[in-house]
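Remarks on the overall topology
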Amino acid sequence: MLTLLLVAKPVQLTQLHYHPSLTVTHATIPAQTMTADNFLALIASKSAEGTIGDLIGGTDSFDVGATLHVGAAQVNGVYTGSFSVSVAYN
């Protein structure tokens with residue numbers, strides 16, 4: 001789970017946008033990968049899952065989580081990947 005803090009003008013409506021899936025790659029064995037998908041965001045100002053929040057008092061935060069698909073013969077180790085999250089202030 002990743003937690004991010006937003007700071008902007010008070011009482012501003014925000015909407016999150018993120019990619020629906022991500023591939024992570026083993027640090028030393030590039031042929032070993034896993035997929036993360038089914039991303040969900042939990043927005044603190046709403047205390048609920050979704051992509052729309054309110055910047056009450058100028059701050060809000062959200063957690064992002066996903067389903068990681070681990071194969072039966074998946075090699076142990078460090079896997080890395082990245083994804084973008086954009087926030088639209090409306």
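Our subject in this report is the structure included herewith. (Residues numbered from 1 in each chain as written. Predicted model: local features only at pLDDT ≥ 70, side-chain atom pairs only at ≥ 80, totals over all residues. Heavy atoms only, no water.)

Structurally, the position occupied by Pro30 is in the loop between strand 3 (21-26) and strand 4 (33-43). In this structure the C-alpha to C-alpha distance between Pro30 and Tyr79, which are 49 residues apart in sequence, comes to 9.3 Å. (Helix = DSSP H or I, 4+ residues; strand = E, 2+ residues; numbered from the N terminus.)

With that settled, consider the pairing of strand 4. Every regular strand shows the same layout, with side chains that alternate between the two sheet faces. In this sheet, strand 4 lies alongside strand 3 in antiparallel orientation, the contact comprising five bridges. Looking at strand 4, one finds that Ser21 is bridged to Asp37. With seven bridges connecting them, strand 4 and strand 7 (residues 59-69) associate as antiparallel partners. Note on strand 7: the bridge partner recorded for Ala41 is Val64. (Pairing = 2+ DSSP bridges.)

With that settled, the discussion passes to the nonpolar core. Judged by nonpolar contacts, Leu16, Leu22, Val24, Met34, Ala36, Phe39, Ala41, Ile43, Phe62, Val64 and Tyr79 together constitute the single largest core of 11 residues. Elements represented by at least two residues in this core include exactly strand 3, strand 4 and strand 7. (Core = buried A, V, L, I, M, F, W, Y, C linked by side-chain atoms within 4.5 Å. Buried < 20%, exposed > 50% of the residue type's maximum accessible area, 1.4 Å probe, protein only.)

Further remarks concern the side chain of Gln74. For Gln74, the position within the fold is in the loop between strand 7 and strand 8 (79-80). Using a relative accessible area of 16% as the deciding quantity, one classes Gln74 as buried. Within the structure, the side chain of Gln74 is placed 3.0 Å from the side chain of Tyr79, a separation counted as a polar contact. If we skip the residues at most four places from it in the chain, Gln74 touches Gln32, Thr33, Met34 and Tyr79. (Polar contact = N/O pair within 3.5 Å; in protein donor to acceptor, adjacent residues only side chain to side chain. Contact = heavy atoms within 4.5 Å.)

The phi torsion at Asn38 lies on the positive side, around 55°, for a residue other than glycine. With respect to the helices, strands and loops of the structure, Asn38 is situated in strand 4.

Once that is clear, we can look at the environment of Gly53. Here Gly53 shows up in strand 6 (residues 52-55). By relative accessible area, which is 0% here, Gly53 ends up buried. Residues Gly53 and Ile43, spaced 10 residues apart in sequence, show a C-alpha to C-alpha distance of 6.2 Å.

Time to look at the packing of aromatic side chains. A full pass over the atoms with the stated rule returns one aromatic pair. On the basis of an interplanar angle of 50° and a centroid distance of 5.2 Å, the ring pair of Phe39 and Phe83 is categorised as tilted. Pair noted here: Phe39 is in strand 4 and Phe83 is in the loop between strand 8 and strand 9 (85-89), with a separation of 44 residues, a long-range link. A residue is classified by how much of its surface remains accessible, and Phe39, at 11% relative accessible area, is buried. (Phe/Tyr/Trp six-rings, centres within 6.5 Å; stacked < 30°, edge-to-face > 60°.)

Limitation: the analysis is restricted to geometry and does not speak to function.
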